[in-house]
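# Overview (structure and organization)
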Number of protein chains: 2
Amino acid sequence: MSTSPEAKPAIILVNPQLGENIGTAARAMGNFGLNELRIVKPRDGWPSERARKAASGADGIIDAASIFESVEDAIADLHQVYATTARPRDMIKTVFTPEQAASEIRRRATAGQKSGILFGRERWGLENDEIALSDAVVMAPVDPRFASLNIAQAVLLIGYEWYKPDAQTLGMATEELPATGETGLAMPHTRPATKTELLRFFEHLESELDQSGFFKSPDMRPTMVRSLRNMLQRAQMTEQEVRTWRGVVASLVRAHMRSKAGRRNPQVEET
Amino acid sequence: MSTSPEAKPAIILVNPQLGENIGTAARAMGNFGLNELRIVKPRDGWPSERARKAASGADGIIDAASIFESVEDAIADLHQVYATTARPRDMIKTVFTPEQAASEIRRRATAGQKSGILFGRERWGLENDEIALSDAVVMAPVDPRFASLNIAQAVLLIGYEWYKPDAQTLGMATEELPATGETGLAMPHTRPATKTELLRFFEHLESELDQSGFFKSPDMRPTMVRSLRNMLQRAQMTEQEVRTWRGVVASLVRAHMRSKAGRRNPQVEET
């Protein structure tokens, strides 16, 4: 996990207009363990009750935010600064995707370098002079016909990419998340069925089907059995589920007897 | 680019409470070229001026949205359904990250299969019965100490991952396409069951189990049904297999009648 102070990039909001947007940006940060918020000249002043309220629980990030008079001040201690933009500017500048920027931030952090990411105003983003202070531009890949990310969403995408490798290292298994492999099945409170348990269930089902006349002809039986077993294998049943399904089969077989007075087609009844 | 209708997943909002959140979800969709919005019972009615306004330009998506009475109706024509959840539920279900789900959606689209993604209510997300209708759960990797994504942000992360390979194809990024070789099922001579076919099978099985007395008490029924459905969903049945399994259930139920002279515990017979 990223624990040293330089490991986590600073999120720097430049002249945000609405307190709400500062709050939702803090909330987005909280999802990915980012906690260093810097704000350059918030238009509506500071502290902001609206920001606290919109942070929905991430008010720790709001309370610890630092306020700066200029972008220069806000980035003074950083080694690497990224400027987020919605569209390419007429500037010779490296352009990173959020994924590439996140991997660069991590790489530099291991070398003791601290990074920060600039996010512009709601209306017109960052000014060219501000971008010029940055080492690289970050642009999220969006449909050019409808590029419309708000500040919190831009923070979200970069935080998401930054946090992803941590989540992967942890295998997404934390105190909250179940241990799963890649695309694994969450299996709380039980274990996968052993092949013996599964086979016994197969045999139970197939013997009931033999007796019920399901297999129209002996020739077809092997193919049908294979297909039933294939489908059941794919479900990756747990030990508990195998027991449940044995109960299902037993219950269906008993169906007729339980139904009082031969509810099902009594005229077919043979006595 | 993905142009065929099945290529793009449907975004399905279940009982959204506020029109604003429908609008911001549509706006998030617009960034990634997603345009099929389905809404199950929006709490505040439809059409919604608030939704249109919050969509900030994505009102084409709002105007084209389809409204449904139930999740079952909303997913009826889909081959694959994903349920987004903030935290693990007590269910045996495949868990995907947004990245894995996006790659699975793309892989299936090339095979002509259409996917949809369920997003829950603002307050408490999706209900367990709704998750049980899904093939897999999608959870974004977030800090478990502060997991707080709103609907639009959850839509944003999945849309982002879905769109990323297109952006890469367009040369927005230099990295290679993500590997898409998931656990693909080969399905010769058949196709995945639609959700309608699957639901009818569920209902058939459950009604037989009702009659056979499988559900010991009405209290236990919902949990048992959910667990049966979850297991059957995981098997990713084909249309052919659903028909076979309906035959299995029908045959087991008829078991007693076929067995001449009440082979099974004749003493229990009630006449």
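Below is a summary of the structure that appears in this document. Keep in mind that what you see is a predicted model, and the values were worked out from it rather than measured.

## Regarding the overall build of chain A
When its secondary structure is counted, chain A shows 11 helices and eight strands. Classification of the 271 residues of chain A by burial places 52% in the buried group. When contacts within chain A are restricted to residue pairs at least 6 apart in sequence, long-range pairs at least 24 apart make up 80% of them. Of the accessible surface of chain A, which amounts to about 12,900 Å², a share of 50% is contributed by carbon and sulfur atoms.

## Section: helix 5 (residues 98-110) of chain A
Each turn of an α-helix holds 3.6 residues, which means side chains three or four residues apart point in the same direction. Residue and element names in this part refer to chain A. Compared with an ideal rise of 1.5 Å per residue, which puts 13 residues at 18 Å, helix 5 spans 19 Å between its outermost C-alpha atoms and is within 8% of the ideal. All of the buried residues in helix 5 are Pro98, Gln100, Ala101, Ala102, Glu104, Ile105, Arg108 and Ala109. Positioned one or two residues after helix 5, glycine 112 has a phi angle of 80°, which is positive.

## A look at the nonpolar core
Ranked by size, the top nonpolar core spans 78 residues in total, and within it Ile11(A), Leu37(A), Phe119(A), Ile11(B), Leu37(B) and Phe119(B) carry the most contacts. Here Leu37(A) is in contact with Ile11(A), Leu13(A), Ile22(A), Ala26(A), Met29(A), Ile61(A), Ile62(A), Ala65(A) and Ser66(A), once residues within four sequence places are set aside. Counting 60 residues, the second-largest nonpolar core is a separate cluster that includes Ala235(A), Val248(A), Val14(B) and Val71(B).

## Here's the deal with unusual backbone geometry
All names here are of chain A. Cis rather than trans, the peptide bond between tryptophan 46 and proline 47 has omega equal to 0°. Relative to the helices and strands, proline 47 resides in the loop between strand 2 (37-40) and helix 2 (49-54). The residue lysine 41 is not glycine, and still its phi comes out positive at about 40°. Within the fold, lysine 41 resides in the loop between strand 2 and helix 2.

## A few points about helix 1 (residues 19-30) of chain B
Residue and element names in this part refer to chain B. Taking 1.5 Å per residue, 12 residues should reach 16 Å; helix 1 reaches 17 Å between its end C-alpha atoms and fits that length. Helix 1 sits mainly inside the fold: 10 of its 12 residues count as buried. Taken together, the buried positions of helix 1 are Gly19, Asn21, Ile22, Gly23, Ala25, Ala26, Arg27, Ala28, Met29 and Gly30.

## A closer look at the environment of Val155(A)
Residues and elements named next belong to chain A. Within the element layout of this structure, valine 155 appears in helix 7 (residues 151-169). According to the relative accessible area criterion, valine 155 is buried, its value standing at 1%. Those residues in contact with valine 155 that sit more than four places away from it in its chain are Ile11, Ala25, Ala28, Met29 and Phe119.

## Topic: the sheet that holds strand 5 (residues 94-96) of chain A
All names here are of chain A. Pairing in this open sheet of seven strands is parallel, and the strands run 3-2-1-6-4-7-5 from one edge to the other. In this open sheet, the two strands that pair with only one neighbour each are strand 3 (66-68) and strand 5. Across the sheet, the axes of successive neighbouring strands diverge by a mean angle of 30°, strand direction being ignored. Helix-sheet contacts for helix 1 (residues 19-30) involve strand 1 (10-14) and strand 2, and the interaxial angle to strand 2 is about 155°.

## Notes on the side chain of Gln80(B)
Residue and element names in this part refer to chain B. Within the element layout of this structure, glutamine 80 appears in strand 4 (residues 80-84). Judged by its relative accessible area of 4%, glutamine 80 is buried. Setting aside residues up to four positions removed in sequence, glutamine 80 forms contacts with Arg108, Lys114, Ser115, Gly116, Asp135 and Lys195.

## Describing the packing of aromatic side chains
Applying the stated criterion to the full structure yields 11 aromatic pairs over all chains. Plain terms: the ring middles of Phe32(A) and Tyr160(A) are 6.2 Å apart, the flat faces sit at 75° to each other, and that makes the pair edge-to-face. Residue Phe32(A) is located in the loop between helix 1 and strand 2, and its partner Tyr160(A) is located in helix 7; the two are separated by 128 residues in the primary sequence. Side by side, Phe32(A) and Tyr160(A) carry an identical accessibility label, which is buried. Pairing Phe201(B) with Phe202(B) gives two aromatic rings, centres 6.4 Å apart and planes at 45°, and the pair type is tilted. Assessed through its relative accessible area of 1%, Phe202(B) is described here as buried. Among the aromatic residues, those joined into a ring-pair cluster are Phe32(A), Tyr160(A), Tyr163(A), Phe32(B), Tyr160(B) and Tyr163(B). The residue whose ring lies beneath Arg221(A) is Phe215(A), and the NZ or CZ to ring-centre distance is 5.0 Å.

## Section: the packing of helix 8 (residues 195-212) of chain B against helix 9 (residues 221-234) of chain B
Each pair of packed helices can be summarised by the angle the axes make with each other and by the distance between the axes. All names here are of chain B. Taken N-terminus to C-terminus, the directions of helix 8 and helix 9 make an angle of 140°; their axes are 11 Å apart at the nearest point. By the angle between their axes, helix 8 is oblique relative to helix 9. Note that helix 8 runs across helix 9; the crossing there is right-handed. Mapping the contact onto sequence places Lys195, Leu198, Leu199, Phe201, Phe202, Glu203, Leu205, Glu206, Leu209 and Asp210 in helix 8 and Arg221, Val225, Leu228, Arg229, Leu232 and Gln233 in helix 9. Partitioned by chemical class, the residues of the contact of helix 8 with helix 9 number nine nonpolar, one polar and six charged.

## Observations regarding the packing of helix 10 (residues 239-253) of chain A against helix 9 of chain B
Closest axis-to-axis distance for the helix 10 of chain A/helix 9 of chain B pair is 11 Å, and the angle between their directions is 105°. Comparing the axis directions of helix 10 of chain A and helix 9 of chain B gives the class roughly perpendicular. Residues Glu241(A), Thr244(A), Trp245(A) and Val248(A) of helix 10 of chain A lie in contact with helix 9 of chain B, whose contacting residues are Met224(B), Ser227(B), Leu228(B), Met231(B), Leu232(B) and Arg234(B). Classifying every residue of the contact of helix 10 of chain A with helix 9 of chain B gives six nonpolar, two polar and two charged.

## Focus: the pairing of strand 4 of chain B
All names here are of chain B. For strand 4, the tally of buried residues reaches five of five residues, placing the bulk of the element in the interior. Taking every second residue as pointing to the same face, both faces of strand 4 are buried, with Gln80, Tyr82 and Thr84 on one and Val81 and Ala83 on the other. Where strand 4 lies against strand 6 (residues 115-119), four bridges are found, and the strand directions are parallel. Bridge assignment links tyrosine 82 to a residue of strand 6, and that residue is isoleucine 117.

## Remarks on the pairing of strand 2 (residues 37-40) of chain B
Residue and element names in this part refer to chain B. Burial along strand 2 is two-sided: Leu37 and Ile39 facing one way and Arg38 and Val40 facing the other are all buried. As defined by bridge partners, strand 1 (residues 10-14) adjoins strand 2 across four bridges and the pair is classed as parallel. Bridge pairing links isoleucine 12 to arginine 38 in strand 2.

What counts and what doesn't
- Residues numbered from 1 in each chain as written.
- Chains lettered and ligands numbered in written order.
- Predicted model: local features only at pLDDT ≥ 70, side-chain atom pairs only at ≥ 80, totals over all residues.
- Heavy atoms only, no water.
- Helix = DSSP H or I, 4+ residues; strand = E, 2+ residues; numbered from the N terminus.
- Buried < 20%, exposed > 50% of the residue type's maximum accessible area, 1.4 Å probe, protein only.
- Contact = heavy atoms within 4.5 Å.
- Areas by Shrake-Rupley, 256 points an atom, 1.4 Å probe, with all protein chains shown as cover.
- Expected span 1.5 Å × (residues − 1).
- Core = buried A, V, L, I, M, F, W, Y, C linked by side-chain atoms within 4.5 Å.
- Pairing = 2+ DSSP bridges.
- Axes fitted to C-alpha atoms, helices over the stretch in contact; angles between N-to-C directions.
- Phe/Tyr/Trp six-rings, centres within 6.5 Å; stacked < 30°, edge-to-face > 60°.
- Lys NZ or Arg CZ within 6 Å of the ring centre and 35° of its normal.
- Parallel < 35°, antiparallel > 145°, perpendicular 65-115°, else oblique.
- Left-handed = near helix turned anticlockwise from the far one by under 90°.
- Nonpolar A, V, L, I, M, F, W, Y, C, P; charged D, E, K, R; others polar.

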